[in-house]
2 protein chains.
Amino acid sequence: MSKEKPSLPTGTRDFSPETVGKRNYIFNTIKRTFEKFGFQPLETPAMENLSVLTGKYGEEGDQLMFKILNNGLHEKKEPEKEKLQENWNKILQQPFSTPAITERALRYDLTVPFARFVVMNRNEITFPFKRYQIQPVWRADRPQKGRYREFYQCDADVVGTKSLLCEAEIVLMIDEVLTNLGITDFTIKINHRNILGGLYQALRAQGTETDLFAAIDKLDKIGREGVSKELLEKGFTIEMVERLFDILSLNGTFDKIDELKIKVDEAIGEIREDVELDENRLPIGEDRPNILKRVFRNPYGYDDLKRLKFYLENLGFKNFRRIALDITLARGLSYYTGCIFEVKVNNVKIGSISGGGRYDNLTGMFGLPNVSGVGISFGVDRIYDVLEELKLFPESAQTSTQVLITHFDNQSEKYALPILQQLRAANIATELYPDQVKLGKQMTYADQKNIPYVLLIGSEEITTGKLKLKNMRTGEQENLRVDEILKKLAV
Amino acid sequence: MSKEKPSLPTGTRDFSPETVGKRNYIFNTIKRTFEKFGFQPLETPAMENLSVLTGKYGEEGDQLMFKILNNGLHEKKEPEKEKLQENWNKILQQPFSTPAITERALRYDLTVPFARFVVMNRNEITFPFKRYQIQPVWRADRPQKGRYREFYQCDADVVGTKSLLCEAEIVLMIDEVLTNLGITDFTIKINHRNILGGLYQALRAQGTETDLFAAIDKLDKIGREGVSKELLEKGFTIEMVERLFDILSLNGTFDKIDELKIKVDEAIGEIREDVELDENRLPIGEDRPNILKRVFRNPYGYDDLKRLKFYLENLGFKNFRRIALDITLARGLSYYTGCIFEVKVNNVKIGSISGGGRYDNLTGMFGLPNVSGVGISFGVDRIYDVLEELKLFPESAQTSTQVLITHFDNQSEKYALPILQQLRAANIATELYPDQVKLGKQMTYADQKNIPYVLLIGSEEITTGKLKLKNMRTGEQENLRVDEILKKLAV
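Residues numbered from 1 in each chain as written. Chains lettered and ligands numbered in written order. Predicted model: local features only at pLDDT ≥ 70, side-chain atom pairs only at ≥ 80, totals over all residues. Heavy atoms only, no water.

J.: Would you take a moment to explain the pairing of strand β12 (residues 403–406) of chain A for this structure?
T.: Looking down a regular strand, the side chains alternate between one sheet face and the other. Residue and element names in this part refer to chain A. With burial as the criterion, each face of β12 is covered, one bearing Val403 and Ile405 and the other bearing Leu404 and Thr406. Across three bridges, β12 lies against strand β13 (residues 430–432) in parallel orientation. The residue bridging Val403 from the neighbouring strand is Thr430, located in β13. The handedness of the β12 to β13 crossover, carried by helix α15 (residues 410–425), is right-handed. Inspection of the sheet shows β12 paired to strand β14 (residues 453–456) by four bridges, in the parallel sense. Note that in β14 the partner of Leu404 across the bridge is Val454. (Buried < 20%, exposed > 50% of the residue type's maximum accessible area, 1.4 Å probe, protein only. Helix = DSSP H or I, 4+ residues; strand = E, 2+ residues; numbered from the N terminus. Pairing = 2+ DSSP bridges. Right-handed = clockwise from strand over helix to strand, strands pointing away.)

What follows is the structure, given as structure tokens:
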């Protein structure tokens, strides 16, 4: 038996009762809104087959997955063991793994398991399928402040419809969740993958989109000058860079979609009909004819954004000041094909707390094409930090005992037992201190456990039937009969 | 990109929205009771260091743990790779693992992580520490009906007190949880490890306790005759076997504790002062002087059981018919040292749905001795099966949209949008079908998603302002104004 000091795996955390209470407050707030909008809970296993996960997150993702060592390797017979040895040699040489040694891994996100679920259950599911999922995921990233190896994702997705109503409802849900959490100063940044495509064409960039957006992404940090310099170095012309900043001047104003359209059209000139699509830049799983159809059906996403605006207006959305068109918003995930979202709390130094977008072919990775969907994800760890920083956690976020009954001898303990029972029968969370210790220790227990009321039972109380109820926050004491206490603390 | 048919790892499950709803109904019922009794939620990571887990569950447990392959093995330099190879050879030869290749595993239960948490945070924790924990655990068992490789445990433990009040509260919690779930015909079997010890002495068994209890455990299956035969074969005398069944005749009646004491005392005769303790049978982590003290302080557990009865009576517990002294109840876990519990639903062919007991030295495994505690665990999968079999899930266990709004063209969709918003503002979970499809398809959606109301919007409805609200269960239709609908469906 090891008696060494126990420790936690790097990058993982215990959540104390206090923290669980606060986290559940966030989860419950999000769930309530998801359910009001018709999303239903789904749960998938922590482990997935590696064949399901591999290749879905890029090479880095494959390496950062936590793989499960197969069980019973020592029980294999000799010829099998030789094969195992060959497989082991491979694992030592390359970043990939082999099914003989590991065939399962911990899930890396909730989106791929969701796609797997949809494909496996496509005959039982009623489409459009609206599900939410709140579960931990695991990544072997280098841990750092705010980045953990085990963290919860909190996703809602609807698949099986292309309606922009879904995008509008995502905006409404973000607005409602954050408002209910007490966060009021935030910006929902919106862009469309086709607007990015249009921008690319407008700039007739010779390099790749990646260079362009890597540079734009640093605008906040290195300013217009820095971005210009970087782009010129990468081979963009001065004319292109000027055109870029001309277009970017429309950034932030969701109302200026029409203006943006004109500006980009002008820049693109006559080339639209002749749009060139680089095969290497096609979204995962989508083939050329499909993307051409999409781009031409919905040139540069303007129609989608206008439809989104229509839905928001008719749904009585009042907070347009909270949404902003952000032409530079790219979001990393290659499977997005339509509107994309990202949410930033203003005046708080924490990255985006929510993000999502539309994907036209998520289930294509498992052989089920043409199931369009749109999803949103809330980053609970960051929301937690925001609520802490802005002191927005309500007291009710703490799961806590309401009353501690103290006693000092056998007689008072016996006297307390039916009272304990009465309070609990009235749904008041109550504890009787289980041992006979000094009153001070019992009070400290109440104090440290944040219990708001202490009921003191001493010999005088037993004689009169009037018990001393102490409010631990104000220090006030009242002498009350049990029925009066029940009335006072009724829940 | 793999396009093969995706699958789930053996022994794991997806939980559909319907199932999640029902499972959450069970979890929430349990949580409510735990919290009312002063237990607070704790969460620990899915992964633990192998040094924490190894050796805590016996050899079988070590083999059934899911171990995580260390990341970045291929990046090691040559001399390190040689060492890896040596470690790999070990893994191929023996059932154990090496930290060079795997240093973490998925948690195997919630008790050891809890003990680890208590030891790591002993200076911050206020004792007695009452925590509950509802999280999945993983075991590489051979999957079979009702046994999964990923399943939830649902534990409540209090550590840092020896008070029998805690045992009494465990009985009350079991009774309350099951009653609230609608289960009324069940038995809470109670025994005490020291009663088992006394029984062993009373029988002057020459073999080990294991033989004795393995035989008794089969009483239900092979009857008195079968058990007798097995014991005689193992070397027990006829006199011992008769004495055994004489003592077992007191089984089931919690009231007969005194009688049991007399019978066992009689059988033991004069040997009590000279009690022999087999070193191999000492509870994990407890040393000889401790166990001697415990046994003599509390001979054979009678005092504990009588104290438990005192607490139950004074807490107004009415359901003594639901508790039974079961002298044969052993429970496998070697760390139990006091009262033990197991709950069986009567007339349902499903194993025990809850179990637990007192352990005097759980944190001793991590070098923190003398922290007595007692815990209970609910088996959610089995409770689920019981509720299904007895048809006890209430309709409210389903998370569902309350109203689906249907439409048939652009005009009715636009008309529907503010109504959708009004219903949601009144906290009524509502959906608008997102696409323009035939009414039949929209109705099927409502039907399959178990949505109780459909609000039909057609041209007539738009003209009159009276909308058709259809109750999907009864088929009734009413023409109502929006304010009337809000009143009718108010939550």
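J.: When you look at helix α4 (residues 78–93) of chain A in this model, what are you seeing that I'm missing?
T.: Within an α-helix, residues lying three or four positions from one another point in the same direction, as the helix has 3.6 residues per turn. A rise of 1.5 Å per residue sets the reference length of α4(A), with its 16 residues, at 22 Å; its end C-alpha atoms lie 23 Å apart and thus fit the reference within 8%. Looking only at α4(A), the buried set comprises Lys81(A), Leu84(A), Asn87(A), Trp88(A), Ile91(A) and Leu92(A). Projected down its long axis, α4(A) carries its buried residues within an arc of 145°, all on one side. Facing away from the buried side of α4(A) by over 90 degrees, the exposed positions are Pro79(A), Glu82(A), Lys83(A), Glu86(A) and Gln93(A). In this structure, the buried side of α4(A) is in contact with α4 (78–93) of chain B. (Expected span 1.5 Å × (residues − 1). Arc of directions from axis to C-beta. Contact = heavy atoms within 4.5 Å.)

J.: I would appreciate a short explanation of the relation of the copies chain A and chain B in the present structure.
T.: Here the two chain copies are tied together by a rotation about an axis and a shift along that axis. The transform that puts chain A on chain B rotates by 180° and translates by 0.0 Å along the axis, for an RMSD of 0.1 Å. Put plainly, the chains are arranged around a two-fold axis. In terms of C-alpha distance to the rotation axis, chain A has Ile68(A) as its closest residue, with the C-alpha 2.3 Å off the axis. Take the interface residues of chain A: 100% of them recur as interface residues in chain B, which is what a same-surface contact looks like. (Least-squares fit on C-alpha atoms with pLDDT ≥ 70 in both.)

J.: Hey, could you run me through the pattern of salt bridges in this one?
T.: Where side chains of opposite charge bring their charged atoms close, a pairing between them can arise. Tallied over the full model, the rule gives 56 salt bridges over all chains. Between Lys130(B) and Glu431(A) there is a salt bridge whose closest N-O contact spans 3.5 Å. On the criterion of chain membership, the pair formed by Lys130(B) in strand β5 (residues 129–138) and Glu431(A) in strand β13 is interchain, its members lying in two chains. There is no split in this pair, since Lys130(B) and Glu431(A) are both buried. For Lys449(B), the salt bridge identified is with Glu431(B), shortest N-O distance 2.7 Å. In this pair, Lys449(B) is assigned in the loop between α16 (439–448) and β14 (453–456) and Glu431(B) in strand β13 (residues 430–432), connecting sequence segments 18 residues apart. (Salt bridge = Lys/Arg side-chain N within 4 Å of Asp/Glu carboxyl O.)

J.: Explain the domain arrangement of chain A to me, please; I cannot follow it from the model alone.
T.: Many analyses report the size of an interface as the accessible area lost when the parts associate. Residue and element names in this part refer to chain A. Taken domain by domain, chain A holds domain 1 (17–48 + 106–389), domain 2 (49–105) and domain 3 (400–489). Across the boundary between the two partners, domain 1 contributes 17 residues, which contact 14 residues of domain 2. Taken together, both faces of the contact between domain 1 and domain 2 bury some 1400 Å²; the carbon and sulfur share is 71%. Contact with domain 2 buries area across many residues of domain 1, yet Glu48, Leu106 and Tyr108 alone supply 46% of it, more than any other trio. There are zero salt bridges connecting domain 1 and domain 2. Summed over the shared surface of domain 1 and domain 2, the number is five residue pairs in polar contact (both at pLDDT 80 or more). (Domains from an automatic or database assignment. Buried area = accessible area lost by both parts, 1.4 Å probe. Polar contact = N/O pair within 3.5 Å; in protein donor to acceptor, adjacent residues only side chain to side chain.)

J.: How should the interface of chain A and chain B be read in this particular structure?
T.: On the side of chain B, 112 residues touch chain A, which itself brings 112 residues to the contact. For the pairing of chain A and chain B, the buried interface totals around 10000 Å² over both sides, and the portion due to carbon and sulfur atoms is 58%. Summed over the shared surface of chain A and chain B, the number is eight salt bridges. A salt bridge links Glu169(B) to Arg424(A), with the shortest nitrogen-to-oxygen separation between them at 2.8 Å. Along the contact surface separating chain A from chain B lie 39 residue pairs in polar contact (both at pLDDT 80 or more).

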